[in-house]
2 protein chains.
Amino acid sequence: MRAEAAYAELIRRTREEALLASCAELLAWDEDTYMPPAGVGHRARQQALLAGLLHERAADPRLGGLLAAVESSALVGDPDSPEAVNVREVRRLHDRQVRLPRVLVEETARVTTLAEQEWAAARRASDFARFRPWLERVVVLCRRYAEALGCGANPYDALLDQYEPGLKGEQVTDLFDALRRDLIPLANALTHAPRRPNPSLLKGTFPVEQQRAFAEATAAALGFDFRRGRLDTTTHPFFSAVGPGDVRLATRFNPDGFGDGFFATLHEAGHGLYEQGLPAEHHGTPPGEVPSLGLHESQARLWENTVGRSHSFWRYFFPRAQQAFPAALGGVAFDDFHFAVNNVEATLIRVQADEVTYNLHVLIRFELERALVEGELPVADLPGAWDEAYRHHLGLTPPDDARGCLQDGHWGAGMIGYFPTYTLGNVFAAQLFDRARIELGDMGEAFARGDFGGLLGWLSDKVYRQGGRYAAARLIERVTGAPPDHRPLVASLRRKYGALYGI
Amino acid sequence: MRAEAAYAELIRRTREEALLASCAELLAWDEDTYMPPAGVGHRARQQALLAGLLHERAADPRLGGLLAAVESSALVGDPDSPEAVNVREVRRLHDRQVRLPRVLVEETARVTTLAEQEWAAARRASDFARFRPWLERVVVLCRRYAEALGCGANPYDALLDQYEPGLKGEQVTDLFDALRRDLIPLANALTHAPRRPNPSLLKGTFPVEQQRAFAEATAAALGFDFRRGRLDTTTHPFFSAVGPGDVRLATRFNPDGFGDGFFATLHEAGHGLYEQGLPAEHHGTPPGEVPSLGLHESQARLWENTVGRSHSFWRYFFPRAQQAFPAALGGVAFDDFHFAVNNVEATLIRVQADEVTYNLHVLIRFELERALVEGELPVADLPGAWDEAYRHHLGLTPPDDARGCLQDGHWGAGMIGYFPTYTLGNVFAAQLFDRARIELGDMGEAFARGDFGGLLGWLSDKVYRQGGRYAAARLIERVTGAPPDHRPLVASLRRKYGALYGI
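Residues numbered from 1 in each chain as written. Chains lettered and ligands numbered in written order. Predicted model: local features only at pLDDT ≥ 70, side-chain atom pairs only at ≥ 80, totals over all residues. Heavy atoms only, no water.

1. Structural notes on the overall build of chain A
So the rule is basically this: For the purposes of this entry, the term helix denotes a DSSP run of H or I that reaches at least four residues, the term strand denotes a run of E that reaches at least two, and both are numbered from the N terminus. Note on method: radius of gyration uses C-alpha positions; expected globular size equals 2.2 Å times residues raised to 0.38. Throughout, exposure labels follow a simple rule: accessible area from a 1.4 Å probe, protein chains only, divided by the maximum for the residue type, with under 20% read as buried, over 50% as exposed, and the rest as partly exposed. Throughout, a contact is declared for two residues whenever any of their heavy atoms are within 4.5 Å.
Across its full length, chain A holds 21 helices and 3 strands. Over its C-alpha atoms chain A spans a radius of gyration of 22 Å, differing by no more than 12% from the 23 Å that the globule rule assigns to 503 residues. Overall size of chain A, expressed as C-alpha extent along the three principal axes, is 70 × 50 × 45 Å. Of all 503 residues assigned to chain A, the portion counted as buried reaches 60%. Counted over contacts in chain A with a minimum sequence separation of 6, partners at least 24 positions apart contribute 74%.

What follows is the structure in structure tokens.
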């Protein structure tokens, strides 16, 4: 077959596979939003079937033949062309899938669908014992994945690679060692700073419907297009990219406080902005996709924190928040409010953590999940190990499982190896924002006018519209001029919080 | 292959096909509830892919081979056994699918997904011109279906057969001729009766959230299990059976009136009770499915009208309705309320029509859709023909397209041939309820106590748990002792409305 014809067929198959995968994506969205409780058994069978069909397509030897017919042709001469990116990524995914037995793929889809619902029920009941057998199954399946993928002594690397292609556990360890060295002293200094915020300003009566309207209006003001997306509520915030005109955010609101729901929504809106900014002409193929979860999280964390906790952001939104919540915020001074949304304090819940201590939460999960997969930590010992890690790193002991090892849904959903991408996201976000400031100048006055178009345009141009053309590290280097580096993150946290807390 | 092995493989394939079809069902549910507007293009591609995959499976020659290996075996000796039902129905569907080109099936899925959304937009704008090109495409596709299925001179029969296997257009004509003869004089007599209800009692302030809560509580009291289902709002009420533990109702509420949303919810809950009552052990195969849409509608219409507009039903629910809507219903007398929910009056909207005139609305749609498919009525002439039919049969002229030919979503969704099943449902419902009364005695006192378990148990036993074992006409005859017959419907309407209106 001529290379052009093989390539055309390769693309046709890739798009069809993506289309089928997007059906599974909608089913997964529904699982976490509207599915009735008794629907889970059938849903697990649906997901297993779709996972099996997807695996069959991705591992099809004919796909290997098409790849071989294109790989040495002139079509892929420019390594950054869409053709080369497609062939490189489809090859990578094909080689991965051929190593996985279909029955393992189906079983994993089935078990993780059930396990995620069991996790949600166990979390509501704050009962780890209920979740434990499910997590045990998930860990066994993850080990079988790693084994099938053949990562030898480092099974965790095979899992990490699903979310952050090419990243190794050892690199993550190095990154966390460096961050730990810098961030624990910073967190301590801030905790004992002469000036401290009053976080109770964010507590009070915040009717959920108003929170929802306010969060939606904010996401829209940042640029999230609700004609091409929506916002729902759920147990654990997430986003879901169903199709090019269909990007969904899910969040949760707490009627007694403002911060959690609002920042969770901004976080998911950041993911959503990235998805809505991808090059539509490449939809359904790797050049139309986000190349790494670390990059994806960088946009969630950038909009949530770098933008969403900035002084200029709140110059625009605080009066609007006061209008939306007159009872709770009517009498609060602007600077006190802004200080409160930047409260640095050791806490129990990752998604509520401040920017400085956040990475310690991730570090704990990284170490625990690696120990689970590598067999050093039996699932039964997880609650104890979790609590011990929180005492050690944050000086706190969770009072129950819901605020301990049951707080996050990732493991139930089978996503072991995902957590490090949050910290990678923080690292990338700091590098990207520093660069944006160099190229665009200070954006504070624009933010204070409610104008986020300059930053969004820059990110769209430099990151979103690049799709999957470059691997994450290469994209960061191309855009910022430097390889991935944790120091800009540390520097930005020291700068911002040093000024705020007067240290 | 031995018959047993062939049968086992046949069932495995049938279940897998049903599982894949249920993914398309969830996508369709989402289209009409939560999908963002710009998601429709991608959704149409998803539905086309799934339709193509389903067609490929159903038309697979290997399936024909499996059928042949079982059809003459002892396995299917008893024609009412699950084995025989499976083989008979899978054969019927296989023979149908092999006649349809895959490209037609895919194109129909794609176009009807888009057309349904265009219908909803056109209805909102009350603009038939917007919908017209889409309906034209749908009609062409339906003709191509009929042609491929080879129904010769009666293309409409091929469409009807999709919803009501075996039913012919001529039988529907005869049924409507008989009903027209009996019901038009009855409707006229009631319209000019000495006693008339005051339907304005049902207008007023009915906050949507309270309506929703009240409708949900009522559906639950009838027996709909919300652990295995849910209720959402939509443009046009519908139900969706995603899986054995996942049956979804969708309705719409009007904040200025009570009846529409409430009875639409009861109607969909009737469908839902049937789906929740099917034999779970046969799920995913014909013995686990409702055998005809006429039977399905019989349960919607029975719970909506025969039960839901009865005196004893409201003896239980009226005080609850007064509590839920004190401003609007606090001062209304019970008998006036009950009379108002049984107002017989020529109106423009089918789903709001009373029991007596309802079948005239269906008759109009039947005649028009047959004329569309058979080429006697160009789509461009539909609004005029619609208005003319309403003037002729109901003495009313729709003031706009939204209250005229755009009111129902069926045609946009490709469901030409569906409408007659509503009237068939009314016919079956009357026969079944008459029989239930013979076997159970008068249920009025039970209903007045909020106890619907006797009727539900009887219907579950006689109808729901029978699944697809018997074709519709045969089930009716087995349960009631008589073949399908419109006279019990006419008699029950004369009896009930004669007494109420004093004629």
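Read on for the rest.
2. Overview of the packing of helix 2 (residues 40-58) of chain B against helix 5 (residues 102-125) of chain B
Residue and element names in this part refer to chain B. Here is the rule we go by: Axes, fitted as lines to C-alpha atoms, cover a helix only where it is in contact. Angles between the N-to-C directions of the axes lie from 0 to 180 degrees. Angles below 35 degrees are treated as roughly parallel, those above 145 as roughly antiparallel, those between 65 and 115 as roughly perpendicular, and all remaining angles as oblique. In a left-handed crossing the near helix is turned counterclockwise from the far helix by less than a right angle, and in a right-handed crossing that turn is clockwise. Residue polarity is assigned by list, with Asp, Glu, Lys and Arg as charged and Ala, Val, Leu, Ile, Met, Phe, Trp, Tyr, Cys and Pro as nonpolar; anything else, Gly included, falls into the polar class.
Between helix 2 and helix 5, whose axes approach to 8 Å, the crossing angle comes to 150°. If you check the angle between helix 2 and helix 5, you find them roughly antiparallel. In terms of crossing hand, the pair formed by helix 2 and helix 5 is right-handed. Together, Val-40, Gly-41, Arg-43, Ala-44, Gln-47, Ala-48, Ala-51, Gly-52, Leu-53, His-55 and Glu-56 of helix 2 and Arg-102, Val-105, Glu-106, Ala-109, Arg-110, Thr-113, Leu-114 and Gln-117 of helix 5 make up the contact between the two elements. For the contact of helix 2 with helix 5, the residue count by class is 8 nonpolar, 6 polar and 5 charged.

3. Details of the relation of the copies chain B and chain A
Look at the two chain copies: a rotation about an axis and a shift along it is all it takes to match them. The test is simple: Copy-to-copy superposition: least squares on the C-alpha atoms, limited to residues that have pLDDT of at least 70 in both copies.
With an RMSD of 0.0 Å, chain B superimposes on chain A once it is rotated by 180° and translated 0.0 Å along the axis. Considering both components of the superposition, the chain copies are consistent with a two-fold axis. Scanning chain B for the C-alpha nearest the rotation axis identifies Cys-23 of chain B, at a separation of 3.7 Å. In this assembly the copies share their binding face: 97% of the residues contributing to the interface of chain B also contribute to that of chain A.

4. Comments concerning the sheet that holds strand 3 (residues 246-251) of chain A
Note: strands within a sheet are paired through backbone hydrogen bonds, in either parallel or antiparallel orientation. Residues and elements named next belong to chain A. Applicable threshold: What makes two strands pair is DSSP finding at least two bridges between them.
Pairing within the open sheet is mixed, and its 3 strands lie in the order 1-3-2. In this open sheet, the two edge strands, each paired with only one partner strand, are strand 1 (229-233) and strand 2 (238-243). Sheet twist, expressed as the mean angle between neighbouring strand axes with direction ignored, is 20°. The pairing of strand 2 with strand 3 spans 5 bridges and is classified as antiparallel. Within strand 3, the residue paired with Phe-238 across the bridge is Ala-250. Sheet strands touched by helix 1 (residues 3-31): strand 1, strand 2 and strand 3. Its angle to strand 2, the strand with the most contacts, is close to 145°.

5. A look at the state of the cysteines
Rule in force here: Two cysteine sulfur atoms form a disulfide, by the criterion used here, when they sit within 2.5 Å.
Under the defined criterion, the tally for this structure stands at 0 disulfides over all chains. For Cys-23 of chain A, which is in no disulfide, the shortest distance to another cysteine sulfur is to Cys-23 of chain B and amounts to 7.3 Å. Lacking any disulfide linkage, Cys-405 of chain A is separated from the closest cysteine sulfur, that of Cys-142 of chain A, by 16 Å. Accessibility expressed as a relative area gives 5% for Cys-405 of chain A, which makes it buried.

6. Regarding the packing of aromatic side chains
Rules: Aromatic pairs are defined between Phe, Tyr and Trp rings, using the six-membered ring for Trp, whenever the two ring centres lie within 6.5 Å; interplanar angles under 30 degrees are classed as stacked, those over 60 as edge-to-face, and all others as tilted.
The full count for this structure, using the stated rule, is 75 aromatic pairs over all chains. Geometrically, the ring pair formed by Phe-258 of chain A and Phe-337 of chain A is tilted, given 6.1 Å between the ring centres and 55° between the ring planes. With Phe-258 of chain A in the loop between strand 3 and helix 10 (259-277) and Phe-337 of chain A in helix 14 (residues 334-340), this pair connects stretches of sequence that are 79 residues apart. When its relative accessible area of 1% is taken as the criterion, Phe-258 of chain A is described as buried. Relative to Phe-226 of chain B, the ring of Phe-224 of chain B lies with its centre 5.0 Å away and its plane at 75°, an arrangement referred to as edge-to-face. Under the relative-accessibility criterion, Phe-224 of chain B is labelled buried at 2%. For Phe-226 of chain B, a relative accessible area of 23% puts it in the partly exposed group.

7. A few points about the pattern of salt bridges
Residues and elements named next belong to chain A. For the record, the criterion: Salt-bridge detection follows one rule: a side-chain nitrogen of Lys or Arg within 4 Å of a carboxyl oxygen of Asp or Glu.
Going through the model one piece at a time under the given rule, you end up with 90 salt bridges over all chains. Note that Arg-92 is salt-bridged to Asp-161, the shortest N-O span being 3.9 Å. In this pair, Arg-92 sits in helix 4 (residues 82-99) while Asp-161 sits in helix 7 (residues 155-163), placing the two residues 69 residues apart along the sequence.

8. A closer look at the packing of helix 10 (residues 259-277) of chain B against helix 11 (residues 293-307) of chain B
Residues and elements named next belong to chain B. In contact at an axis separation of 7 Å, helix 10 and helix 11 are set at 130° when each is read in the N-to-C sense. In terms of axis orientation, helix 10 runs oblique to helix 11. In the crossing of helix 10 with helix 11, the sense of the turn from one axis to the other is right-handed. From helix 10, Phe-263, Leu-266, His-267, Gly-270, His-271, Leu-273, Tyr-274 and Glu-275 reach across to helix 11, where they touch Leu-295, His-296, Glu-297, Gln-299, Ala-300, Arg-301, Trp-303 and Glu-304.

9. Details of the side chain of Arg-248 of chain B
To keep things clear, this is the line we draw: We call two N or O atoms a polar contact when they sit within 3.5 Å, provided that within protein one can donate a hydrogen and the other can accept it, with sequence-adjacent residues counted only if both atoms are side-chain atoms.
By the element assignment, Arg-248 of chain B lies in strand 3 (residues 246-251). A distance of 2.8 Å separates polar atoms of two side chains, one belonging to Arg-248 of chain B and the other to Asp-30 of chain A. Among the polar contacts made by the side chain of Arg-248 of chain B, one reaches the side chain of Asp-246 of chain B at a distance of 2.7 Å.

10. What about the interface of chain B and chain A?
Here is the rule we go by: Summed over both partners, buried area is the accessible surface (1.4 Å probe) that two parts give up on being assembled.
Contacts between the two partners involve 36 residues from chain B, matched on the other side by 35 residues from chain A. Considering only the side of chain B, the residues that lose the most area to chain A are Leu-19, Tyr-34 and His-42 of chain B, jointly responsible for 19% of the buried surface there. Inspection of the region where chain B meets chain A yields 4 salt bridges. Across the pair Asp-246 of chain B and Arg-43 of chain A runs a salt bridge whose closest N-O atoms are separated by 3.6 Å. Between chain B and chain A we count 14 residue pairs in polar contact (both at pLDDT 80 or more) in total. Of all the secondary-structure elements, those providing two or more residues to the side of chain B that touches chain A are helix 1 (3-31), helix 2, strand 1 (229-233), strand 2 (238-243) and strand 3 of chain B. For the side of chain B that touches chain A, the element with the most residues is helix 1 of chain B, which contributes 9 residues.

11. What about the confidence of the model for chain A?
The following threshold applies: What pLDDT reports is the predictor's confidence in each residue, on a scale of 0 through 100.
Scored by pLDDT, chain A comes out at a mean of 96, with 99% of its residues at no less than 70. The complex prediction reports pTM at 0.97, with the ipTM value standing at 0.96.

12. Observations concerning helix 20 (residues 472-480) of chain B
Residue and element names in this part refer to chain B. Quick note on the threshold: Working note: the arc is built from the helix axis to C-beta atom directions.
Those residues of helix 20 not exposed but buried are Ala-472, Leu-475, Ile-476, Val-479 and Thr-480. Projected onto a plane normal to the axis of helix 20, the buried residues spread over an arc of 105° and lie on a single side. The inward-facing, buried residues of helix 20 contact helix 11, helix 17 (420-440) and helix 19 (453-462). Positive backbone phi, approximately 85°, marks Gly-481, located one or two places after helix 20.

13. Remarks on the pairing of strand 2 of chain B
Counting buried positions over the 6 residues of strand 2 of chain B gives 5, a clear majority of the element. Between strand 2 of chain B and strand 3 of chain B, which pair antiparallel and follow one another directly, the connecting turn spans 2 residues.

14. Overview of the sheet that holds strand 3 of chain B
All names here are of chain B. Read across the sheet, 3 strands follow the order 1-3-2 without closing on themselves; strand pairing throughout is mixed. Two strands close off the open sheet at either side, each with one partner strand: strand 1 and strand 2. Within the sheet, the average angular offset between the axes of one strand and its neighbour, ignoring direction, is 20°. Its contacts with the sheet put helix 1 on strand 1, strand 2 and strand 3, and the angle it makes with strand 2 is roughly 145°.

15. Notes on the nonpolar core
What counts here: Here the nonpolar core consists of buried residues drawn from Ala, Val, Leu, Ile, Met, Phe, Trp, Tyr and Cys, with membership extended through side-chain atoms lying within 4.5 Å.
Trp-303, Trp-314 and Leu-455 of chain B are the most contacted members of the largest nonpolar core, which has 137 residues in total. Of the residues forming this core, the biggest block, 11 residues, is contributed by helix 6 (residues 128-149) of chain B. Grouped together as the second largest cluster of nonpolar side chains are 136 residues, Val-362, Val-379, Trp-411 and Val-463 of chain A included.

16. Digging into the environment of Phe-226 of chain A
Its place among the elements puts Phe-226 of chain A in the loop between helix 9 (208-222) and strand 1. Linking Phe-226 of chain A and Gly-395 of chain A, residues 169 residues apart in sequence, is a C-alpha distance of 42 Å. The residues touching Phe-226 of chain A, leaving out its near neighbours within four places in the chain, are Glu-216, Ala-219, Ala-220 and Leu-231 of chain A together with Pro-36 and Pro-37 of chain B.

17. Thoughts on the environment of Pro-287 of chain A
All names here are of chain A. For Pro-287, the location among the structural elements is in the loop between helix 10 and helix 11 (293-307). Sequence spacing of Pro-287 and Ala-472 is 185 residues, and the spatial spacing of their C-alpha atoms is 13 Å. Here Pro-287 is in contact with Pro-82, Val-85, Asn-86, Pro-279, His-282, Gln-466, Gly-467 and Gly-468, once residues within four sequence places are set aside.

18. Focus: unusual backbone geometry
The backbone phi angle of Ser-126 of chain A is positive, close to 50°, even though this residue is not glycine. Tracing the sequence through the fold places Ser-126 of chain A in the loop between helix 5 (102-125) and helix 6 (128-149).

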